[in-house]
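Tertiary structure, described
What follows is the residue order along each chain.
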Amino acid sequence: MDFNKLINTTEYSFIHTDPRLGERIILLGVTGSYGYGTNREGSDVDMRGITLDLSSDLIGFTEFEQFEDRITDTVIYSFNKIVRLLLSCNPNTIEILGIADDKYVIKNEIGQELLDNKDMFLSKRAAASFGHYADAQLRRLQNAIARDSMTQPDREEHIMRSVIHALDDYNRRQVLGGLGETRLYIDDAVTEGLEKEIFVDGEMKHLPLRAYNDMMNTMNNVIRDYDKIGKRNKKKDENHLNKHAMHLVRLFMMGTDILQNGLIRTRRPDDELELLRSIRDGAFMKEGKLDDEFYSIVSEYERKYAEAEKHSKLPDNPDMVHVERFVEKINRRIVLGEIS
């Protein structure tokens, strides 16, 4: 597919006509299956990019974080927002800096300078970031499979374990520490239609409301993921499960690459693609369930990931001096009108 021609079609006219985009875009590339190398006939085209802020965003009253076109599945982040996300090695955004060169459809001098300095964002923060995303993918798989193969009380137990796991992960990523006396447990249901359900007891003091909201969102997300894959079309469900399974392994692959080698490689090497494509195509799906061989593969990649984290030579945190100088240099040019 010729992606350079694609962005000049009517469907992508917003790239050229929106005042926030156009010549302000410094990077735009193909991600998703085409970016990873796992595409097949009929795969959707996903594009992600970066556009410069306006001077009024920096010293005035306007605000802008990202442009999104759902029809084409295109997301273009503001420069300042993408920097904040890159500092945590967010998997959905760090991949923009690791796209194969022929998959960039827009790349100007500032975009190239950002790519030349991408190492300034790499740190051991990637371990928590990629680990968190991989854990979320694994929960989606376990939840979807458990939903159809367990009794309602057993499913409730499974959901509770997933919630506890999610909260443990949440606590590891917060400065606040534990959740005090909070306790989750299963008892006879009071909600109509359920036999058993999860209850919570707890006492919290001096907990910031925003932290409480984040904690509740963490638990809500587990329930949402549990119900995310529909029941009506078993074949469609299996396809979704296979995609989740593929992305779980891909996250471990990419995260290990960053921690072990300091490399951001969005497109996976050919030997890895063979495995990823086989997972996506259902090689490990048996009667609606992923087989033991798949979970053995996951365990091995988890082991490699843990080893990479343990022995990583990356700094604990990004090179903030380098990042701040780079961001200030670009934004200063915007404010002074050197970049229109």
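Presented here is a report on the structure given in the accompanying data block. This structure is a prediction, so every number in the text was calculated from the model and none was measured.

Here's the deal with the nonpolar core
- Grouped together as the largest cluster of nonpolar side chains are 61 residues, with contacts concentrated most on Phe79, Ile94, Leu97, Leu114, Phe121, Val249 and Phe294.
- Per-element accounting of this core gives the leading share, 11 residues, to helix H11 (residues 234-261).
- With near-sequence residues (within four places) excluded, Ile94 lies in contact with Leu86, Cys89, Phe121, Leu122, Phe130, Met254, Ile258 and Ile264.
- In terms of nonpolar packing, the next biggest core, distinct from the first, is built from 18 residues, Val30, Val45, Phe67 and Val105 among them.

Here we look at the pattern of salt bridges
- Following the criterion strictly, the structure yields 21 salt bridges and no others.
- Across the pair Arg303 and Glu300 runs a salt bridge, and its minimum N-O distance is 2.6 Å. You can see Arg303 and its partner Glu300 sitting in helix H13 (residues 292-311), 3 residues apart, about one turn around the helix.
- A single salt-bridge network, built from bridges that share partners, covers Asp257, Arg265, Arg268 and Glu272.

Notes on the pairing of strand S4 (residues 74-78)
- Taken across its 5 residues, S4 has 5 buried, putting it largely inside the fold.
- As defined by bridge partners, strand S2 (residues 46-51) adjoins S4 across 5 bridges and the pair is classed as parallel. Note that in S4 the partner of Ile50 across the bridge is Tyr77.
- If you look at the hairpin formed by strand S3 (residues 66-69) and S4, you'll find 4 residues sitting between the two strands, and Asp73 has a positive phi there, around 55°.

Side note on the environment of Lys313
- Note on placement: Lys313 falls in the loop between H13 and helix H14 (320-335).
- Sequence separation between Lys313 and Gly262 is 51 residues, and the spatial gap between their C-alpha atoms is 8.4 Å.

Concerning the packing of helix H5 (residues 79-87) against H14
- Taken N-terminus to C-terminus, the directions of H5 and H14 make an angle of 170°; their axes are 11 Å apart at the nearest point. The angle between H5 and H14 places the two elements in the roughly antiparallel class. Contacts between H5 and H14 involve Phe79, Asn80, Val83 and Leu87 from the first element and Met320, Val323, Phe326, Val327, Ile330 and Asn331 from the second.
- Partitioned by chemical class, the residues of the contact of H5 with H14 number 8 nonpolar, 2 polar and no charged.

Describing the sheet that holds strand S1 (residues 25-31)
- Sheet architecture is open: 5 strands sit in the order S3-S4-S2-S1-S5, paired in mixed fashion. Here the strands that pair on one side only, and so sit at the sheet edges, are S3 and strand S5 (104-107). With direction set aside, neighbouring strand axes in the sheet form an average angle of 15°.
- On top of the sheet, H5 reaches S1, S2, S3 and S4; it is set at about 95° to S4, its chief contact.
- Where helix H7 (residues 109-116) meets the sheet, its contacts fall on S1, S2 and S5, and the angle it forms with S1 comes to roughly 65°.

Considering the packing of aromatic side chains
- Summed over all chains, the structure comprises 8 aromatic pairs.
- Taking 6.0 Å as the distance between ring centres and 35° as the angle between the ring planes, the aromatic pair formed by Tyr12 and Phe14 counts as tilted. Like Tyr12, the residue Phe14 is buried in the burial classification.
- Taking the centre distance of 6.0 Å and the plane angle of 20° together, the rings of Tyr185 and Phe199 count as stacked. With a gap of 14 residues between them, Tyr185 in strand S6 (residues 183-188) and Phe199 in strand S7 (residues 196-201) connect regions that are remote in the sequence.

Thoughts on unusual backbone geometry
- With a phi close to 55°, Asp73 is a non-glycine residue in the positive phi region.
- Looking at the secondary structure, you find Asp73 in the loop between S3 and S4.
- Phi at Cys89 is positive, roughly 55°, even though this residue is not glycine.
- Along the chain, Cys89 turns up in the loop between H5 and helix H6 (91-94).

Points about the packing of H7 against H14
- Where H7 meets H14, the axes come as close as 12 Å, and the angle between the chain directions of the two elements is 175°. By the angle between their axes, H7 is roughly antiparallel relative to H14. Here Glu109, Ile110, Glu113 and Leu114 of H7 lie close against H14, whose contacting residues are Phe326, Lys329, Ile330 and Arg333.
- In terms of residue class, the contact of H7 with H14 is built from 4 nonpolar, no polar and 4 charged.

Thresholds applied
- Residues numbered from 1 in each chain as written.
- Predicted model: local features only at pLDDT ≥ 70, side-chain atom pairs only at ≥ 80, totals over all residues.
- Heavy atoms only, no water.
- Core = buried A, V, L, I, M, F, W, Y, C linked by side-chain atoms within 4.5 Å.
- Buried < 20%, exposed > 50% of the residue type's maximum accessible area, 1.4 Å probe, protein only.
- Helix = DSSP H or I, 4+ residues; strand = E, 2+ residues; numbered from the N terminus.
- Contact = heavy atoms within 4.5 Å.
- Salt bridge = Lys/Arg side-chain N within 4 Å of Asp/Glu carboxyl O.
- Pairing = 2+ DSSP bridges.
- Axes fitted to C-alpha atoms, helices over the stretch in contact; angles between N-to-C directions.
- Parallel < 35°, antiparallel > 145°, perpendicular 65-115°, else oblique.
- Nonpolar A, V, L, I, M, F, W, Y, C, P; charged D, E, K, R; others polar.
- Phe/Tyr/Trp six-rings, centres within 6.5 Å; stacked < 30°, edge-to-face > 60°.

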